[in-house]
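What follows is the residue order along each chain.
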Amino acid sequence: MNMLGLRGSYRNTKVTTRLTWIEEKILEKLLGNASLTLLYQSNVHKRCTLEMTKKCSLQGSTMTIVYLEQEVVGVFMLEDFPDKDSKKTSTCAWFSFERNKISSGISALVLNTLVKVNSTSLQMSSISGLTLIVYPSKEGLYLNEAVIKNLELNVKQSQYLECEIFRVDGIKNNPGFIKKMVTARQHRGKFLSTLRAYRPYADLVSEVRILLVGPVGSGKSSFVNSVKSSFQGRLTRQAIVGSDKSSITTQYKVYSIKDEKNKETLPFMLCDSMGLEDEKEAGLCTDDIPHILKGCVPDRYQFNPREPIKLKHFTYAASPPLKDRIHCVAFVLDINSVDTLSDKMVAKLKKIRKDVVDCGVGCVALLTNVSDYDEVLDNNLVNMTENMTSLNQVQNVRNMLNIPVANILMVSNYASERMLEPLKDVLIFAALQQMLRAADDALEDLPLEDTGTTVPF
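Conventions we followed
Residues numbered from 1 in each chain as written. Predicted model: local features only at pLDDT ≥ 70, side-chain atom pairs only at ≥ 80, totals over all residues. Heavy atoms only, no water. Helix = DSSP H or I, 4+ residues; strand = E, 2+ residues; numbered from the N terminus. Buried < 20%, exposed > 50% of the residue type's maximum accessible area, 1.4 Å probe, protein only. Areas by Shrake-Rupley, 256 points an atom, 1.4 Å probe, with all protein chains shown as cover. Lys, Arg positive; Asp, Glu negative; His and termini not counted. Charge placed at Lys NZ, Arg CZ, Asp CG, Glu CD. Salt bridge = Lys/Arg side-chain N within 4 Å of Asp/Glu carboxyl O. Core = buried A, V, L, I, M, F, W, Y, C linked by side-chain atoms within 4.5 Å. Contact = heavy atoms within 4.5 Å. pLDDT = per-residue confidence, 0-100. Polar contact = N/O pair within 3.5 Å; in protein donor to acceptor, adjacent residues only side chain to side chain. Phe/Tyr/Trp six-rings, centres within 6.5 Å; stacked < 30°, edge-to-face > 60°. Lys NZ or Arg CZ within 6 Å of the ring centre and 35° of its normal. Expected span 1.5 Å × (residues − 1). Pairing = 2+ DSSP bridges. Axes fitted to C-alpha atoms, helices over the stretch in contact; angles between N-to-C directions.

Draft legend 1. Local environment of the overall build of the chain. Scanning the chain for helices and strands turns up twelve helices and 17 strands. C-alpha extents for the chain along the principal axes are approximately 85 × 50 × 35 Å. In the chain, which comprises 457 residues, the proportion classed as buried is 56%. Accessible area for the chain stands at about 20800 Å²; split by element, carbon and sulfur atoms hold 46% of it. Taking the average location of the 56 positive side-chain charges in the chain and that of its 52 negative ones, the two points are 5 Å from each other.

Here's what the structure looks like:
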């Protein structure tokens, strides 16, 4: 956020936005890491459309915000703010939220909108029938029934407390991108509902176990933290992460995932492992992988790169039950280093891939540290874009590990952020959903004797 632009440019006249810090940040994230600069405030500048246009015309994209007693209504306009006595059609994002409660939800939709400015009012009308009119001289606001219904408001016509208009910088001049960013919250909610309702195939196990394997620093532990954060609605750092050349994770750790809404543990777990290293007696020993896949390794087992697992040290049975086995393996790889993996690392990854196939376990690849994460999914936030699936890194992973492109997933883990981002959550949830599908496919393909099913004679 441009703090100087938003709060400092009018310091001498004591002009400060009514938005709280958290409201500013969420509105910026709504448009994809934009920055806001305050141009017009009705209680400081003249209450007329002439003053509005003087301050706001030819400034690029703008956001008009109207403050009511309990609610805030706003319209983001991608194209330039119109001059006085003129009109133009623009891609607009309409939104509303309760004052001081924006964290609990924001209603938003993207609409083609006709924006008019005349001597007495600022009018915005969408082709789908929504109408908003601001009367600066009267400090009045009119909202028709369509606006009230679609933005879930409790007012129709009211005096407003304040009207502010901001310049919006740092966004892509692309209507599809704006739609994607604004609707990400809705898609996040849909993914959440789907994952909350998930049950493992045929109830063969009560919880699916997903093993994360990959080189040191590829983002395995960060993905654990990201998944837990997305479900809990707040950032969490339960799994220890670091940037050392050697693995920070030295134990086999099994993480349950708790849903913030009902506080229940969800039917899937993430199993974090020690990072792989190039040298033979460093990092996770690949000979340990079959034992992990078969469910022979207990939670918090301390890995020893120089000494492979010896089953006689465990109290586990020779053939652990299905619930203790791994049902899906995610090869976690930093997208920025896929093309520079050493021959030794590639050999280790291929060996693990063979073990996964031999054990009949589901498999995906997870590419992390994707910088242009807003370009991963199409405008409907359903499928990966063709540009992403054709990347060299994706094709290299497909060829190296023989994993279909549909099972090569992309995320941008939470690292130094101070709050959650809906689009990052969507990618995390989409990746997790595909892992669960791979696990279900593996469960469905199990021999009957492994499922505990009695075969009738």
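Draft legend 2. Representation of unusual backbone geometry. In this structure, K263 is a non-glycine residue whose phi angle is positive, near 65°. Relative to the helices and strands, K263 resides in the loop between β12 (251-258) and β13 (265-272). Overall, K263 belongs to the exposed group, its relative accessible area being 55%. With phi around 55°, L381 is a residue other than glycine that occupies positive phi space.

Draft legend 3. Molecular detail of the pattern of salt bridges. Taken as a whole, this structure holds 19 salt bridges when the rule is applied. Notably, a salt bridge pairs R18 with E162, separated by 3.6 Å at the nearest N-O pair. Placement of R18 in the loop between α1 (3-8) and α2 (21-30) and of E162 in strand β10 (residues 162-169) is noted, with a sequence separation of 144 residues between them. In this structure R18 comes out as partly exposed when scored by relative accessible area, which is 33%.

Draft legend 4. Geometry of the nonpolar core. Core analysis: the biggest nonpolar cluster contains 116 residues, and F231, Y252, F331 and M435 have the highest contact counts within it. With twelve residues, the top contributor of residues to this core is helix α11 (residues 422-444). The contact partners of F331, leaving out residues within four places of it in the chain, are V213, L349, I352, R353, V356, C363, V364, A365, L366, L401 and I403. Of all hydrophobic cores here, the second largest spans 30 residues; its members include Y40, F81, L111 and V147.

Draft legend 5. Broad picture of the confidence of the model for the chain. Averaged over the chain, the pLDDT score is 89; the fraction of residues at 70 or greater is 92%. Predicted confidence for residues 1-5 stays below pLDDT 50, and this span has 17 contacts to residues more than four positions away or in other chains. The low-confidence segment residues 7-12 (pLDDT under 50) makes 14 contacts with residues lying over four places distant or belonging to another chain.

Draft legend 6. Region of interest: the side chain of D324. You can see D324 is positioned in the loop between β14 (301-302) and β15 (328-334). A distance of 3.1 Å separates a polar atom in the side chain of D324 from a polar atom in the side chain of K323.

Draft legend 7. Representation of the packing of aromatic side chains. For the structure on display, the rule yields five aromatic pairs. Between Y198 and F268, the aromatic rings sit 6.2 Å apart at their centres with planes inclined by 55°, giving tilted as the arrangement. One end of the pair, Y198, is in the loop between α5 (175-196) and β11 (208-213); the other, F268, is in strand β13, with 70 residues separating them in the sequence. Owing to a relative accessible area of 1%, F268 belongs among the buried residues under this scheme. Both rings, one in F231 and one in F268, keep their centres 5.9 Å apart while their planes meet at 50°; by these two values the pair is tilted. Note that F231 is positioned in helix α6 (residues 220-232) and F268 in strand β13, a separation of 37 residues in sequence. The residue whose ring lies beneath K138 is Y135, and the NZ or CZ to ring-centre distance is 5.9 Å.

Draft legend 8. Quick peek at the side chain of S126. Within the fold, S126 resides in strand β6 (residues 122-126). Judged by relative accessible area, which is 9%, S126 ranks as buried. Within the structure, S126 has its side chain in polar contact with the side chain of S128 (distance 3.0 Å).

Draft legend 9. View of helix α8 (residues 343-358). Compared with the 22 Å implied by 1.5 Å per residue over 16 residues, the 23 Å span of α8 between its first and last C-alpha is a close match. All of the buried residues along α8 are M345, V346, K348, L349, I352, R353, D355 and V356. Residues of α8 that are buried in the fold lie against β11, α7 (289-293), β15, β16 (362-368) and α10 (392-401). Count one or two residues on from α8 and you reach G360, which has phi positive near 70°.

Draft legend 10. Local environment of the sheet that holds β15. The seven strands lie next to each other as β14-β12-β13-β11-β15-β16-β17, forming an open sheet whose pairing is mixed. One side of each edge strand has no neighbouring strand; the edge strands of this open sheet are β14 and β17 (408-410). In this sheet, β17 lies alongside β16 in parallel orientation, the contact comprising three bridges. Among the inter-strand pairings, L366 is bridged to a residue of β17, identified as L409. Seen against the sheet, α10 touches β15, β16 and β17 and runs at an angle of roughly 145° to β17. Packing of α11 onto the sheet brings it into contact with β11, β13, β15, β16 and β17, and relative to β16 it is tilted by some 165°.

Draft legend 11. Up close: the pairing of strand β8 (residues 140-143). Summarising the sheet, strand β7 (residues 131-135) and β8 pair through four bridges and their orientation is antiparallel. Residue pairing in the sheet places I133 in a bridge with Y142 of β8. With antiparallel pairing between neighbouring strands as the criterion, β7 and β8 make up a hairpin whose turn holds four residues, including E139 at a positive phi of roughly 50°.

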